[in-house]
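Each chain, written out:
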Amino acid sequence: MVRSWYELPEYVRLRRVNGLRLSPDGTRLVAPVSDIAPDAKSFRSALWEIDVAPEAEGGGAPRRLTRSTKGESGAEFLPDGSVLFGTGRPDPESASQDKPKAALWLLPADGGEARQVASTHGGVGAFGVARDSGLVAFTGRVLPRSQDQEADSEARKAREEAGVTAILHEALPVRSWDSDVGPDHPRLFTATPPEDEDSRLGEPRDLTPDAGMALLGSAPEVSPDGSTVYVTWSVPTSKGATRGEVVAIDTATGRRRTVVGGPDEALEFGSPSISPDGTRLLVYADSEGEYHGEPRDATLWIVDPATGEGRDLLEGHELWPRDYAWSADSNTVFLVADQNGRRPVFRVDVASGELTRLTGDHGAYSELNPSPDGRHVFAMRDAWDSPPAPVRLDADVTDGEPTYLRTPGSELSMPGTLTEIETTADDGTRIRSWLVLPEDASADTPAPLMLWVHGGPYMSFNGWSWRWNPWLLAARGYAVLLPDPALSTGYGQDMLRRAWGKWGPRTHADVMAITDAAEAREDIDAERTAMMGGSFGGYMANWIAGHTDRFKAIVSHASLWQLDGFSGTTDYPPVWESEFGTPLDRPERYELNSPHLHADKIRTPMLVIHGDKDYRVPIGEGLKLWRDLLLHEVEAKFLYFPDENHWILSPGNAQVWYETIFAFLDHHVHGKEWVKPDLL
């Protein structure tokens, strides 16, 4: 049991379980698990095997399956039980001296040395396996005019020798999160399974030479017999936007047809999952919302892959599916969705549509793996007081409890307690929040309060976060408030309607109401309250700074500041414009919601944090915020990361991120002398 994990050097060394995959026969679980690299400058991931039985039933300890300096990611099983995974490790069998790209490797079912089985010059992306035939489908990046891998190699060499890095864009997107889009784009390949223990996959076949950018972000779903691959296909519409459709591609002929979607559909479709009997398709369906209409929404459709006829599987239930999987008999769908500050597992009867909540605890579930015998669902479970860990669930219960499996991750004890509070907003809406309390918080020793506002904004503060961990503050004596205000998911569509196009005023009122409720507690020191947030939470940090001086300090990470400038520089503007419009055509919501218009009212000391590789909220937002604070002579600091993105991911930078925040709070909340972190 690790007890000092909340000290920063220990924290970044914790082992973290990042996924879960069950073998087709239900006897093995494989998970990517990350920990700190030997040089302590990055994290790397390896595959571990987890026993499907808990310790009380004789379950053995997890064992590590792979080990390389590049790390491994993803895992899919071939019919013979061997494990297919992705890695950028060098291939000892290759004579090429080129820098290795991500490729597919295979680990034999009975153990032994892993070997590379498929690669492309642009690297392998997402992959899937046909359950029965073993056909493998994967995406690989190819330069646009290359007809085959030889031509792609020659084109890449020509660009490199000419010193050309330029990319000509003719459509959105230009970039995504922290990566440039292009000049190569993903295509879909299929290959037969290895013929023997020394073979690679069969010769990859390019099924989509005309894909262009249609497969960006898409992952293949292969029918059990391998005859069809289903993928999300992005189709250009107007004004640079795209729409998602689900297409079926015949693996024998390459013929492509649209299964669901099209220009007349009100919804976009993607992330298909084929039933084990091959007769039905689950499809994620969502709408980005309309400026003068309904806010964004999401649901799950069940579709006949032959005819495209479908229906809303969750009709009458305002649940946003976050993960979903078929039962082995194809009669039941398991899914997870945010609900009241939790993320339970639900069971849906396909024939009747009857919905049952499978888990009744406060956990947030993901990575659903129904067992082939129908008895269990294996999943990952986390919560604010529990890091992600593998569990086994009974598949036929209501509001059941998880059975924990032996984990390769870190088992932690919390330096405090977790509770929840709620209040009523000025419009009568219930606002609830998690509250993390340090161990010694009491009426005699009330704790200073830190308000955290979540990102998104269309999400819920319902599960463990490695990047923003409240227990690191609790170990230093702070209570941490984690509210779900307007725009949060898991409370029905009315929670979104309240603040659709009204991010600042409505959400601010909710956050202030729940902060009032927290400060009214005897174990909270209302005179020592600070606030912080990232992304949308950073936007709210900036908004709050211009509308109240009740906080001792505010930390604004990766935040939106001047909305009219942000609207055209974020990585995919059409999503933003569905709610806010464009500044020239519809300036009203920019004038109502932009924090920069209230810069002259800011009096609270602020710490601004931004990464230069952040393409979702570009660095210009942080620079403009910092400059405006200086112009208005606000006491402020700017923590800048030249090589980080929307999140601060490297171990060293993560430590400095926390150390700077702790020092800033010590100075402004506790009145201590400002002490710059040593490495800054």
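Just so you know, these numbers come straight off a predicted model, no measurement behind them. (Residues numbered from 1 in each chain as written. Predicted model: local features only at pLDDT ≥ 70, side-chain atom pairs only at ≥ 80, totals over all residues. Heavy atoms only, no water.)

Enquirer: Describe in detail the overall build of the chain, supporting the description with residues and values.
Expert: Within the chain, the regular secondary structure consists of 11 helices and 39 strands. Against the 2.2 N^0.38 benchmark of 26 Å for 680 residues, the chain shows a C-alpha radius of gyration of 25 Å, consistent with a compact globule. Each principal axis of the C-alpha distribution contributes one length, and for the chain these read about 70 × 60 × 55 Å. Counting across all 680 residues of the chain, residues that qualify as buried make up 57%. Long-range contacts, defined as pairs at least 24 residues apart, comprise 58% of the intrachain contacts of the chain with a sequence gap of at least 6. A total accessible area of about 28,400 Å² is found for the chain, and carbon and sulfur atoms account for 46% of it. Looking at the chain, you have 66 positive and 105 negative side-chain charges, and the mean spots of the two groups are 3 Å apart. (Helix = DSSP H or I, 4+ residues; strand = E, 2+ residues; numbered from the N terminus. Rg over C-alpha atoms; globule rule 2.2 N^0.38 Å. Buried < 20%, exposed > 50% of the residue type's maximum accessible area, 1.4 Å probe, protein only. Contact = heavy atoms within 4.5 Å. Areas by Shrake-Rupley, 256 points an atom, 1.4 Å probe, with all protein chains shown as cover. Lys, Arg positive; Asp, Glu negative; His and termini not counted. Charge placed at Lys NZ, Arg CZ, Asp CG, Glu CD.)

Enquirer: Summarise the side chain of H646; cite the residues concerned and give the values.
Expert: For H646, the position within the fold is in the loop between β39 (636-641) and α11 (651-669). The class of H646 is buried, set by a relative accessible area of 4%. Separated by 2.9 Å, the side chains of H646 and S535 make a polar contact. Excluding residues that lie within four positions of it along the chain, H646 makes contacts with W177, S535, H557, A558, D614, R616 and V617. (Polar contact = N/O pair within 3.5 Å; in protein donor to acceptor, adjacent residues only side chain to side chain.)

Enquirer: Run through unusual backbone geometry, naming residues and quoting values.
Expert: Between L172 and P173 the backbone carries a cis peptide bond, its omega angle lying at 0°. Within the secondary structure, P173 sits in the loop between α2 (149-162) and β12 (175-176). Of note, the amide linkage connecting G182 to P183 takes the cis form, showing an omega dihedral of 5°. Note on placement: P183 falls in the loop between β13 (179-180) and β14 (185-191). The phi dihedral of S271 is positive, around 50°, even though this residue is not glycine. S271 sits in the partly exposed class, given a relative accessible area of 44%. One non-glycine residue, S330, lies in positive phi territory at about 65°.

Nothing here speaks to function; it is all geometry.
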